[in-house]
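Spelled out, the chains give:
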Amino acid sequence: MTEEKSLNFLEEIVEGDLKAGKHASIVTRFPPEPNGYLHLGHAKSICLNFGLALKYGGYTNLRFDDTNPVTEEVEYVESIKNDVQWLGFRWQNELYASDYFDQLFGFAVALIKKGLAYVDDSSSEEIAEMKGTPTQVGRDSVYRSRSIEENLRLFMQMKEGKYKDGEKVLRAKIDMGHVNMLMRDPIIYRIKHAHHHRTGDAWCIYPMYDFAHGQSDAIEKVTHSICTLEFVPHRELYNWLIENLEIYPSRQYEFARLNMTYTLMSKRKLLQLVNEKHVNGWDDPRMPTLSAVRRRGYTPEAIRDFCDKIGVAKRDNLIDISLLEFCVREHLNKISNRRMVVFDPLKVTIVNYPEGKSELLSSENNTEAAEVTHRDVPFSRELYIERDDFMEVPPKKYFRLSPGQMVRLKSAFIIKCEEAVKDSHGNVVELHCSYIPESRSGSDTSGVQVKGVIHWVSKQHAIPVEVRLYDRLFKVEDLSAVEGDFRDYLNPDSLRVLPQAWAEPALKKASVGEHFQFLRMGYFCLDPDFNGDKLVFNRTVTLRDMWAKEVKKG
RNA sequence: UGCCCGAUGGUGUAACUGGCAACACGCUUGAUUUUGAUUCAAGAAAGUCCAGGUUCGAGCCCUGGUCGGGCAACCA
């Protein structure tokens, strides 16, 4: 390492703390709520939290923030664990805020005993009303002056299930006139007669985020509690509770969440897309969830590289999705075996190639690999090429096939288009071509130079496969700047299914988790739930395409 | 009318903590290429939100503005 990368502001803080002897080593945590699937925004947080601990010699806990039983499920817990591991990180401890319910309850009692918490009988609406507004101070609740004994008794009764949902809450007694709305006697416990995915029916009162998160951090002696910007105002309360509960002083630091062009990064809205069937589940390859991009063929290496490249700061950002695609291509280019698949077939007959004959040609799997290996590709008289690779009236600089023109069939021969056969409507249905026997790939003595190289498959050897082409889920770049309902901006062409494309036979052996580059078409992987004998391939990402740009320019 | 964050090429992140702005993506052009991919080379693109101030010197410090984001869920 010749040049050292400059530190981001969190690394600076950590290095500063370490240097100052504030901590001997650091502890971070990744704290998802199990109420949905993890997405690319979480990947940034995961890479940050685990990355910091890895870099500075500490560890990271996976802690589920499961304090709201009505939205949380074990299905989400499982998917989250799976995704974090897939990304390549290992947590020190698997923990749950619900593990601390007893301690948290104790903290609440301690607060009451200090005269710093009270039971409020006001309704949700009343509490909201008395809270004031950002520019207007709040008012004290009439229950604010209850005695410690009464608060203790009432809180105990809340726990015992004497009251219905919403009948009472426990609030911290801070300051209803505080400029920070969160300090205006925040609710710290509420009644929910709901079944919890871990604690079952043991509890009917549950702590709020602010009374669980920081406390959990403290219990775990988390040194650096890293969260997104929207929690900045919570920090004051976070610190107030640490001070008044006299617990381990974890410190909270905030960074700007990841936003990406053409991408929605809100769990709530993603859930809506799933529920309303705009997509086929959380792992629909068009989704930004980790399970979806995995299914689509993104690699953990590419995502980690991406998280590294986007950096960490405190200003709002909108990352161009092309950076992610760049990272994906960069990795896939190195690891993917090349295969030939014709999506939209045009039949080609090699008129001077013997009928009934076929031969095996050899083609590189991946010239980028350290050790280049080969596979056999069958060649015969009848082939399929891409319909796009022929034009009867070619534009300038088009160096594929057109009447009288020559191209190289990748790893095979140079062919010349002798005739375009048409149907009664004038549509080209077949090409008659001649091939140059001496132009065989690897032993070309023909001396003929061609600019174009196209992919192909042998008609009789090709296997039919389904190909799914994905495009961006939304039509607009910046979803946050859009008016009206986000669902109005869904891209109707985000999924294109080609039920029958023709693949070279080597693809029969494809397995889930393997990455391929379909020559000139993009990177693909086998979909995990293909059914029957037909293989289904997902397009991970296209190749860069200068020709498409050229065409666009006109 | 309040409080809290933030502001550097199109996008994102840097700038050895005060020494005349760098890297990546994207874009343009050229070379190589049996993938119009990859690779390689070159280039365009900000004078750092504005106005003052401190200083020999400011993107970095100070003051005042402007703009953007956030703050009133028994969500996290």
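Parameters and conventions
Residues numbered from 1 in each chain as written. Chains lettered and ligands numbered in written order. Predicted model: local features only at pLDDT ≥ 70, side-chain atom pairs only at ≥ 80, totals over all residues. Heavy atoms only, no water. Helix = DSSP H or I, 4+ residues; strand = E, 2+ residues; numbered from the N terminus. Buried < 20%, exposed > 50% of the residue type's maximum accessible area, 1.4 Å probe, protein only. Contact = heavy atoms within 4.5 Å. Areas by Shrake-Rupley, 256 points an atom, 1.4 Å probe, with all protein chains shown as cover. Lys, Arg positive; Asp, Glu negative; His and termini not counted. Charge placed at Lys NZ, Arg CZ, Asp CG, Glu CD. 1 Å grid on protein atoms, 1.4 Å probe; cavity = no way out; pocket = protein on both sides within 12 Å on 5 of 7 lines; lining within 4 Å. Points joined across faces, edges and corners; volume = space filled by probe spheres on them. Nonpolar A, V, L, I, M, F, W, Y, C, P; charged D, E, K, R; others polar. Pairing = 2+ DSSP bridges. Domains from an automatic or database assignment. Buried area = accessible area lost by both parts, 1.4 Å probe. Salt bridge = Lys/Arg side-chain N within 4 Å of Asp/Glu carboxyl O. Polar contact = N/O pair within 3.5 Å; in protein donor to acceptor, adjacent residues only side chain to side chain. Phe/Tyr/Trp six-rings, centres within 6.5 Å; stacked < 30°, edge-to-face > 60°. Lys NZ or Arg CZ within 6 Å of the ring centre and 35° of its normal. Expected span 1.5 Å × (residues − 1). Near = heavy atom within 4 Å.

Engineer: Tell me what's going on with the overall build of chain A, and back it up with residues and numbers.
Structural biologist: Across its full length, chain A holds 13 helices and 25 strands. Dimensions of chain A, computed from the C-alpha atoms along their principal axes, are close to 100 × 55 × 40 Å. Counting the 554 residues in chain A, one finds 53% classified as buried. Put simply, 70% of the contacts in chain A that link residues at least 6 apart link residues at least 24 apart. For chain A, the accessible surface area stands at approximately 25800 Å², while carbon and sulfur atoms represent 49% of it. Of the charged side chains in chain A, 75 are positive and 82 negative; the average position of the first set lies 2 Å away from that of the second.

Engineer: If you had to explain the layout of surface pockets to someone new, which residues and values would you point to?
Structural biologist: By volume, the second largest pocket amounts to about 1100 Å³. As for the second largest pocket, its lining consists of 40 residues, and the residues nearest its centre are Glu33, His42, Glu230, Phe231 and Lys267. Of all the secondary structure elements, the ones that give two or more residues to the lining of the second largest pocket are strand E1 (27-30), helix H2 (40-56), strand E6 (187-191), strand E8 (224-228) and helix H9 (267-275). At four residues, the largest contribution of residues to the lining of the second largest pocket is made by H2. When grouped by side-chain class, the residues that make up the lining of the second largest pocket number 16 nonpolar, eleven polar and 13 charged.

Engineer: Before we move on, could you go through the sheet that holds strand E16 (residues 406-409) and cite the residues and values that matter?
Structural biologist: Read across the open sheet, the seven strands follow the order E19-E16-E17-E18-E12-E15-E20; overall the sheet is mixed. The two strands at the open ends of the sheet, each matched to only one other strand, are strand E19 (453-454) and strand E20 (456-458). Both strand E12 (residues 345-350) and strand E15 (residues 382-386) contribute to a ladder of five bridges, which runs antiparallel. Note on E15: the bridge partner recorded for Leu346 is Ile385.

Engineer: Break down the domain arrangement of chain A for me, with residues and values.
Structural biologist: The assigned domain composition of chain A is domain 1 (9-255), domain 2 (267-337 + 465-553) and domain 3 (342-455). Just the C-alpha atoms count here: the centres of domain 1 and domain 2 sit 35 Å apart. Facing 24 residues of domain 1, the contacting portion of domain 2 comprises 24 residues. At the boundary of domain 1 with domain 2, total buried surface from both sides reaches about 2100 Å², with 70% on carbon and sulfur atoms. Residue Arg294 is joined to Asp83 by a salt bridge in which the shortest nitrogen-to-oxygen separation is 2.9 Å. There are six residue pairs in polar contact (both at pLDDT 80 or more) connecting domain 1 and domain 2. When contributions to the side of domain 1 that touches domain 2 are tallied by element, the ones reaching two or more residues are helix H1 (9-19), H2, helix H3 (74-87) and strand E9 (251-255).

Engineer: Please give an account of empty space enclosed by the protein that cites residues and values.
Structural biologist: What the rule picks out here adds up to one cavity of 30 Å³ or more. Of the pockets and cavities examined, the largest cavity occupies roughly 40 Å³. The wall of the largest cavity is formed by Tyr209, Asp210, His213, Gly214, His234 and Tyr238.

Engineer: I'd like to hear about the packing of aromatic side chains, residue by residue, with values.
Structural biologist: Across all of its chains, the model carries 25 aromatic pairs by this definition. On the numbers, 6.5 Å between centres and 50° between planes, the contact of Phe474 with Phe486 is tilted. Within this pair, whereas Phe474 is found in the loop between strand E21 (463-470) and strand E22 (495-503), its partner Phe486 is found in the loop between E21 and E22, the two being separated by twelve residues in sequence. Accessibility assignment for this pair places Phe474 and Phe486 in one class, buried. The structure contains a cluster of three or more aromatic residues connected by ring pairs, namely Phe101, Phe105, Phe155, Tyr189, Trp203, Tyr206 and Phe211. In this arrangement the basic side chain of Lys159 is found over the ring face of Phe105, its NZ or CZ atom lying 4.6 Å from the centre. The ring of Tyr262 carries the charged tip of Arg472 above its face, separated from the ring centre by 3.9 Å.

Engineer: How would you sum up helix H6 (residues 148-160)? Please name residues and give values.
Structural biologist: Helix length check: H6 (13 residues) gives 18 Å between terminal C-alpha atoms against 18 Å at 1.5 Å per residue, within 8%. Buried within H6 are the following residues: Asn151, Leu152, Leu154, Phe155, Gln157 and Met158. In this fold, the buried residues of H6 make contact with helix H4 (101-113), strand E4 (117-120), strand E5 (169-172), E6 and strand E7 (205-207).

Engineer: Got a sec to walk through the pattern of salt bridges? Specific residues and values, please.
Structural biologist: The tally for this structure, following the rule as stated, stands at 38 salt bridges. Across the salt bridge formed by Glu504 and Arg375, the nearest N and O atoms sit 2.7 Å from each other. Residue Glu504 is found in the loop between E22 and strand E23 (515-518), and its partner Arg375 is found in strand E14 (residues 374-380); the two are separated by 129 residues along the sequence. A single burial state applies to Glu504 and to Arg375, both of which are buried. A single network of salt bridges, built from pairs that share partners, joins Asp283, Arg295, Glu466, Arg468, Asp527 and Asp529.

Engineer: Quick one: what's the story with the protein's contact with RNA strand B, residue by residue and with numbers?
Structural biologist: Around RNA strand B sit 62 residues in total, of which Met181, Arg338, Ser441, Gln517 and Lys549 are the nearest. For RNA strand B, the fraction of protein-proximal atoms (within 4 Å) that sit in sugar or phosphate groups is 60%. Mapped by element, the contributors of at least two residues to the surface near RNA strand B are helix H5 (124-130), E6, helix H11 (300-310), helix H12 (321-335) and helix H13 (546-553). Taken together, the residues of the surface near RNA strand B sort by class into 23 nonpolar, 18 polar and 21 charged.

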